[in-house]
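Coordinates in review
Residues per chain are reported as follows:
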Amino acid sequence: DAGVIQSPRHEVTEMGQEVTLRCKPISGHNSLFWYRQTMMRGLELLIYFNNNVPIDDSGMPEDRFSAKMPNASFSTLKIQPSEPRDSAVYFCASSPRSGQVTDTQYFGPGTRLTVL
Amino acid sequence: LAKTTQPISMDSYEGQEVNITCSHNNIATNDYITWYQQFPSQGPRFIIQGYKTKVTNEVASLFIPADRKSSTLSLPRVSLSDTAVYYCLVGDEAAGNKLTFGGGTRVLVKP
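To start, this report covers the structure provided alongside it. (Residues numbered from 1 in each chain as written. Chains lettered and ligands numbered in written order. Predicted model: local features only at pLDDT ≥ 70, side-chain atom pairs only at ≥ 80, totals over all residues. Heavy atoms only, no water.)

Time to look at the sheet that holds strand S3 (residues 19–24) of chain A. All names here are of chain A. Taken in spatial order, the four strands of this open sheet run S1-S3-S8-S7, and their pairing is antiparallel. Only two strands of the sheet have a single partner each, and these edge strands are strand S1 (5–7) and strand S7 (65–71). Strand-to-strand twist across the sheet, computed as the mean angle between neighbouring axes with direction ignored, equals 15 degrees. Sheet topology note: the S1/S3 ladder contains three bridges and is antiparallel. Its bridge partner lying in S3, Gln 6 is registered against Cys 23. (Pairing = 2+ DSSP bridges. Helix = DSSP H or I, 4+ residues; strand = E, 2+ residues; numbered from the N terminus. Axes fitted to C-alpha atoms, helices over the stretch in contact; angles between N-to-C directions.)

Following this line, the structure appears as structure tokens:
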């Protein structure tokens, strides 16, 4: 099992540019989560999907952020335009079942984003 | 969502037992208690989960008193590689699989 795969692992971009982060969940998992981690705010849930459908996007900071899950094996988190305050590590996680609070979440290695 | 409170940091030495207590006074009847571990430059990793009494696995034990307003993660005989941040989370049944991570406890194991 390859685990959750994220790409790129590191991204450096300039303010105003569009950034796209990618995630491949573990095969067979029905829930997918996007988190952001910074020193100041810790680990924050941005959005999560059940069966490819966005369930809760209340953590998405603003309209510059958008997430999609076109199929069960792929999701993207897009920031457009990017700003320096978006610099953080972005994690993707998946879990086996939909809407089960007891399910373990499996995290990817993260994408470290730096916006200059 | 039930809020959790845990110490910011703890120091220990190799071979000692580390106990991290988490307070969750507003835990709901259907909530489970889950602990995750995060090493530097990695994503969090599930350690253990429980509802009441005691749960033990190959990594840790979780003690939950009858009122469930707190829980204690116990790491037996820690090694340097157990240096990490440990998060206590309380699942919100009403929010499905949504987890809220607090600040965590930074555990430093010294030689």
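Following the criterion strictly, the structure yields two disulfides over all chains and no others. The residue that forms a disulfide with A:Cys23 is A:Cys92, at a sulfur-sulfur distance of 1.9 Å. With the S-S bond torsion at -65 degrees, the cross-link from A:Cys23 to A:Cys92 turns out left-handed. Here A:Cys23 is found in strand S3, whereas its partner A:Cys92 is found in strand S9 (residues 88–95), with 69 residues between them in sequence. You can call A:Cys23 buried: its relative accessible area is 1%. The side chain of B:Cys22 participates in a disulfide bridge whose partner is B:Cys88; the two sulfur atoms lie 2.2 Å from each other. Between B:Cys22 and B:Cys88, the S-S dihedral sits near -80 degrees, and the bridge is therefore left-handed. With B:Cys22 in strand S2 (residues 18–23) and B:Cys88 in strand S8 (residues 84–90), this residue pair connects regions lying 66 residues apart in the sequence. (Disulfide = S-S within 2.5 Å. Buried < 20%, exposed > 50% of the residue type's maximum accessible area, 1.4 Å probe, protein only.)

Glancing now at the pairing of S2(B). Residues and elements named next belong to chain B. Side chains Val 18, Ile 20 and Cys 22 of S2 all project onto a buried face; the interleaved residues Asn 19, Thr 21 and Ser 23 project onto a face where none is buried. Where S2 and strand S7 (residues 70–75) come together, six bridges link them in antiparallel fashion. Note that in S7 the partner of Asn 19 across the bridge is Ser 74.

Our focus in this paragraph is the pattern of salt bridges. Residue and element names in this part refer to chain A. A complete count under the given rule lists nine salt bridges over all chains for this structure. One salt bridge connects Glu 62 with Arg 64, and the closest N-O pair in it is separated by 2.8 Å. In this structure Glu 62 comes out as partly exposed when scored by relative accessible area, which is 28%. What makes Arg 64 buried here is its relative accessible area of 10%. The salt bridge involving Arg 64 is made with Asp 86; its shortest N-O contact spans 2.6 Å. (Salt bridge = Lys/Arg side-chain N within 4 Å of Asp/Glu carboxyl O.)

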